Amino acid sequence: MRPISDFIGDLPKAELHLHIEGTLEPEMVFELAERNRVRLRHRSPEELRAAYDFNSLQEFLDLYYQGMGVLHTEDDFCDLTLAYMRRAAADSVRHAEIFFDPQAHASRGVPFPVVLDGIAEGLRRAERELGVTSRLILCFLRDRDAAEAMATLEVALPYCDRIVGVGLDSAEVGHPPSKFREVFARARAEGFLAVAHAGEEGPPAYVAEALDVLGAVRIDHGVRAAEDRALVRRLAAEAVPLTVCPLSNLRLAVYDSLDKHPLRRLAEAGVPVTINSDDPPYFGGYINDNYRAVQETFGFSRDELAGFARASFAASFLDPADKARHIAEVDAYLATG
Ligand code: ADE
Ligand code: ZN
């Protein structure tokens, strides 16, 4: 039988928690900085990578927003997106649901259509070249005010056919989901699906609020829900998927070692957990690195790993027929792999 690491390598899967701006490899930061004549604080890609040593979400966010300052043109966003999709395809990702942060670009003078058209072109080429499908999720920055989020939603409305949903990211603590009640109500009324980062650094109560106040149908991270037994029972009973990012949680010091991570406990409690990568170069791993890290820590079997892959398609925003087709591919792979 093949090593389990190879089994993970070829296991068909969906990525449901990925910030496109967080896929900037240090080498690409330098390439785009030269193309766009942006001055950088670090002297080399190696020096920049060495700075990816965080003690909190905020320390990461400071570098994340700085790094995306090299993205200016439609081509930049297209190149970034295509580079990620090629890397994802190499990890047997068949479908990716991708966050983008338009406010972080508008505030630097990069207009919404430049960002969206560039990313959408990268996704189109990826589907043609690699057969990997995708959806886009517009995230609001929760550490800015709700009026700015509402204005961003208004700007995005003419492009709603290219955006499946809205999400909530950036610094969590002190910025509860309820701050964005009206924005999410409007977005849902316009036909967007709702997701939200909650229970990453913030308390379990933010997870419940994201469900009750924002109408979120999927929770990004959600790991701190494990601290509240009634909430875990609710997530299982209502089959609310969590998009968990183990290496991100480790690198942002949510847990000081992976054996303290609640992934296995949540899965065993019946919560539909999925495994994802968040911001891969910043956190030291793409999606298969995340699968391999939790397999090594928790000793997951091939069956259990296939279960996470099935859950990723089931929790996606694909049509039922596409979900069933991908899940059948996982089943066939498990039978032979
Ligand atoms: N933006 C990019 N990555 C993020 C994360 N892990 N949490 C919150 N906001 C983010
Ligand atoms: Zn995230």
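Residues numbered from 1 in each chain as written. Chains lettered and ligands numbered in written order. Predicted model: local features only at pLDDT ≥ 70, side-chain atom pairs only at ≥ 80, totals over all residues. Heavy atoms only, no water.

## A word on the site of ligand 1
Piece 1. His19, Leu57, Phe60, Leu61, Tyr64, Asp169, Ser170, His197, Glu200, His221, Asp278 and Asp279 make up every residue found near ligand 1.
Piece 2. Here a nitrogen atom of ligand 1 sits 3.3 Å away from a polar atom, N or O, in the side chain of His19.
Piece 3. Take Asp278: an N or O atom from its side chain is 2.7 Å from a nitrogen atom of ligand 1.
Piece 4. Out of a free accessible area of 260 Å², ligand 1 has 100% covered by protein chains.
Piece 5. Take the shell around ligand 1: its biggest share by element is four residues, from helix α4 (residues 57–67).
Piece 6. Considering only residue class, the shell around ligand 1 consists of four nonpolar, four polar and four charged. (Near = heavy atom within 4 Å. Polar contact = N/O pair within 3.5 Å; in protein donor to acceptor, adjacent residues only side chain to side chain. Areas by Shrake-Rupley, 256 points an atom, 1.4 Å probe, with all protein chains shown as cover. Helix = DSSP H or I, 4+ residues; strand = E, 2+ residues; numbered from the N terminus. Nonpolar A, V, L, I, M, F, W, Y, C, P; charged D, E, K, R; others polar.)

## Some remarks on the sheet that holds strand β8 (residues 273–275)
Paired through their backbone hydrogen bonds, the strands of a sheet run either parallel or antiparallel.
Piece 1. With parallel pairing, eight strands are arranged side by side in an open sheet as β1-β2-β3-β4-β5-β6-β7-β8. The outermost strands of the open sheet, each flanked by one partner alone, are β1 (13–19) and β8. When strand polarity is set aside, the average angle formed by the axes of neighbouring strands in this sheet is 25 degrees.
Piece 2. Pairing of strand β5 (residues 193–198) with strand β6 (residues 218–221) involves four bridges; the strand directions are parallel. Considered in β6, the bridge of Val195 is made with Arg218.
Piece 3. Across the sheet, helix α5 (residues 74–90) is in contact with β1, β2 (93–100) and β3 (133–141); its angle to β2 comes to roughly 145 degrees.
Piece 4. Helix α7 (residues 112–130) contacts β2 and β3 of the sheet and is inclined by roughly 155 degrees relative to β3. (Pairing = 2+ DSSP bridges. Axes fitted to C-alpha atoms, helices over the stretch in contact; angles between N-to-C directions. Contact = heavy atoms within 4.5 Å.)

## Quick look at the coordination of the zinc ion (ligand 2)
Piece 1. With distances of 2.0 to 2.3 Å, the protein atoms coordinating the zinc ion (ligand 2) are His17 (NE2), His19 (NE2), His197 (NE2) and Asp278 (OD).
Piece 2. Around the zinc ion (ligand 2), the four donor atoms sit at angles spanning 81 to 174 degrees, and that spread fits a shape best called irregular. (Donors = N, O, S within 2.8 Å, 3.2 Å for Na, K, Ca; no water. Tetrahedral: all angles 85-135°; square planar, octahedral: opposite > 155°, others 65-115°.)

## Topic: the packing of helix α10 (residues 204–212) against helix α11 (residues 229–237)
Piece 1. At a minimum axis separation of 10 Å, α10 and α11 run at an interaxial angle of 35 degrees. For α10 against α11, the interelement crossing comes out left-handed. Packed against α10, whose contacting residues are Pro204, Val207, Ala208, Leu211 and Asp212, the element α11 presents Leu231, Arg234 and Leu235 at the interface.
Piece 2. Residues that form the contact of α10 with α11 fall into these classes: six nonpolar, no polar and two charged. (Left-handed = near helix turned anticlockwise from the far one by under 90°.)

## Considerations on the packing of helix α8 (residues 146–156) against helix α9 (residues 181–189)
Packed helices, taken two at a time, are described by the angle between their axes plus the distance between the axes.
Piece 1. Where α8 meets α9, the closest approach of the two axes is 9 Å, and the angle between their N-to-C directions is 15 degrees. By the criterion of interaxial angle, the relationship of α8 to α9 is roughly parallel. The chirality of how α8 crosses α9 is left-handed. Taken together, the residues of α9 that come into contact with α8 (itself represented by Ala146, Ala149, Met150, Leu153 and Glu154) are Glu182, Val183, Arg186 and Ala187.
Piece 2. A per-class count over the contact of α8 with α9 returns six nonpolar, no polar and three charged. (Parallel < 35°, antiparallel > 145°, perpendicular 65-115°, else oblique.)

## Regarding the pattern of salt bridges
Piece 1. Inspection of the entire model under this criterion finds 24 salt bridges.
Piece 2. Ionic pairing is found between Arg264 and Glu268, a salt bridge with its closest N-O pair at 2.8 Å. Taken together, the positions of Arg264 and Glu268, both in helix α13 (residues 263–268) and four residues apart, correspond to about one turn of that helix.
Piece 3. One salt bridge in this structure joins Asp331 and Arg310, with 2.7 Å as the shortest N-O distance. Highlighted residues: Asp331 in helix α17 (residues 320–336) and Arg310 in helix α16 (residues 302–314), separated in sequence by 21 residues.
Piece 4. Salt bridges sharing partners connect three or more residues here, namely Glu25, Glu27 and Arg49. (Salt bridge = Lys/Arg side-chain N within 4 Å of Asp/Glu carboxyl O.)

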